[in-house]
Amino acid sequence: MSIFNMDVNWNIIFSGLATIFIVSRVIKYKNAVKATQGFPGLAVAFQNLSAVGVFWNWPLGEGLGLGWRMRHSLYKRFSADVIVTRPFLAGEPEIYTNNVDVARQVIVGGHRTSFWKPPSASLGVVFWGMNLISSDNDTWRRHRRILGEAFNVKLYDLVLEKSMNLYDQMSSGEGWDKLDRVEVGAVQHLTFKFALLLITICGFGFNEATWTAGPATENQSMSLEQAMGIVTRDNILHVLLPKWAYSLPIKRLRDSGHAMRQLKIFMREQIQRRKTEDLGDQSAFSLLVKASQDGNGKFALDDDELVGNIFVLLFAGHETTAHTIAGTLAYLCLDHDLQDVIHDQIISVFGKDRRPSSIEGLYKMTKILECLMEALRLHPPGHIMIREAYEDAVLVVPNPIGEEGTYTVPVAKGTRIVVDVIGMHPTRPSEYNPRYYEDPEEFRPSRWEGVSPDSEQVTAFSIGARACLGRKFAIIEMISFLTLFLRDWRVEPKLNLDETKEQWKARVMKGKVVMTLGIEDIPVVLYKRV
């Protein structure tokens, strides 16, 4: 047989394989359409939230930030509140919704619905150990029972007290005491440090931690702040990469591996310390370990589960609140009149020198609360919630805007539902969803007049039984910080040469999606109030 004939045969083989592959992908896509035929949707290369799709997915780009990046067009394109992404190369269809009525049908979970939270939906946190966020059904109830005992009135009073102390430390530690004007290159540098220190003090009992000397990991080789920053930045890598990858001669990987190891050692050391010593503190962590030990086996958490929940406390206890405080300041620096209204309310309630001494008094800061809830609406840190049908189910979907009534759509077992929190809200303003209100992109805190921060209308904390356990902790922390900060300072955007406020807003107010949704670095200028 000649070489020419061999070449022809190989061409035939490759052509045949290519044909088989193309046909198989066409069949796959048709099956995906059939399985989700009740919803309009998009053809994509990969499952959007798969290991590949989260980084890049044709034609949508980065899959993880889809809800933020296409907030103006994703649902508007189909005049629908529920759409589906159907992959033709690899993966399964995913249903996206920004409708709160549909969300309520799938978020609650447990025996009340046909949907549950699969472990694959929380790989970034379950990697550290099973925890409250990642679990479901009986496992979730066990974790919820233990963690619930750690969040109580004494803890909330402690958060209020320590927030005030930490703000004073920040002011003196940053050298602001004698300054009338301060430039801050990225306000997140302040809010992230504040939030992490507060959670280490109130959550872990590190009362010796200060603004200038925070807790460190084993052998003082890395500060807890550094370790958490690196781990948060690279958490997706920790899920995807094998352990040996962190030994490669790549600085980022080596630093990431070191931070991950140090954080695990830190958490396990703290567990053992609290099991063997009576520290006499009321921190959430100590109460968590004690409640687990008192569980008599049935409800107790093992060390891996304690580590998993500790990471959730550290991560959720600083990442989400830091983003929200920073985002609130970013919007406020563009509105001097609103800042003056807030300042007047602070002075009228507390005066120039007094401070909130009770949570009831703190909640009188209604203007700050409204701003926080509006910032959460526009930039919800927990921007997606993922559920999966564990049996064949039916969703009741509202008709398109302007049409009364609903229609039902079957959902096959195993289908993933992605709740787009950026677009979701029950009866109050819902970002980028005209079903709920006009001018969705405007920062308008007055929308929240009369709404309690504990209300389920604030869907950024989730809804139903699975609403965020640390909601009150976060709210007290955020109001405390902003009350003192806005009493002392007027905030303005730090403009580039010849830049207008609108140009600053376009440059700065961009969503940044890692594990949570935040905003790019926010440069501001502070002017001391007289």
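Model, not experiment: these values are computed from the prediction.

Chemist: Go over helix α3 (residues 100–107) with me, naming the residues and quoting the values.
Modeler: Those residues of α3 that sit buried are Val100, Val102, Ala103, Val106 and Ile107. Buried residues of α3 fall within an arc of 150 degrees about the axis and therefore sit on the same side. Its buried side turned inward, α3 meets β2 (82–90), β3 (94–97), β4 (115–116), β6 (384–389), β7 (393–398) and β9 (416–420). In this structure Asn99 caps α3, since a side-chain oxygen of it lies 2.8 Å from the backbone nitrogen of Asp101.

Chemist: Run through the sheet that holds β3, naming residues and quoting values.
Modeler: One open sheet accounts for six strands, arranged β1-β2-β3-β9-β6-β4; its pairing is mixed. Both edges of this open sheet fall to β1 (41–46) and β4, since each of them pairs with a single strand only. In terms of strand pairing, β2 meets β3 through four bridges, oriented antiparallel. For Ile83, the partnering residue across the bridge sits in β3 and is Tyr96. Here α3 sits on the sheet in contact with β2, β3, β4, β6 and β9, set at roughly 130 degrees to β9.

Chemist: Lay out the side chain of His143 with the relevant residues and their values.
Modeler: With respect to the helices and strands, the residue His143 is situated in helix α5 (residues 137–148). Residue class for His143 comes out buried when judged on its relative accessible area of 0%. At a separation of 3.3 Å, a polar atom in the side chain of His143 contacts the side chain of Glu305. With residues up to four places along the chain from it excluded, the contact list for His143 reads Met130, Asn131, Leu132, Ser135, Leu301, Glu305 and Asn309.

Chemist: Describe the pattern of salt bridges, and please don't skip the residues or the numbers.
Modeler: Enumeration over the complete set of coordinates arrives at 19 salt bridges. For Asp234, the salt bridge is made with Arg233, and the minimal N-O distance between the two is 2.8 Å. By relative accessible area, Asp234 is classed as buried at 0%. The partly exposed category is assigned to Arg233, whose relative accessible area is 41%. Here Arg444 and Glu442 are joined by a salt bridge, their closest N and O atoms 2.7 Å apart. Overlapping salt bridges, with partners in common, bring together Arg181, Glu183 and Lys494 in one network.

Calculation criteria
- Residues numbered from 1 in each chain as written.
- Predicted model: local features only at pLDDT ≥ 70, side-chain atom pairs only at ≥ 80, totals over all residues.
- Heavy atoms only, no water.
- Buried < 20%, exposed > 50% of the residue type's maximum accessible area, 1.4 Å probe, protein only.
- Helix = DSSP H or I, 4+ residues; strand = E, 2+ residues; numbered from the N terminus.
- Arc of directions from axis to C-beta.
- Contact = heavy atoms within 4.5 Å.
- Polar contact = N/O pair within 3.5 Å; in protein donor to acceptor, adjacent residues only side chain to side chain.
- Pairing = 2+ DSSP bridges.
- Axes fitted to C-alpha atoms, helices over the stretch in contact; angles between N-to-C directions.
- Salt bridge = Lys/Arg side-chain N within 4 Å of Asp/Glu carboxyl O.

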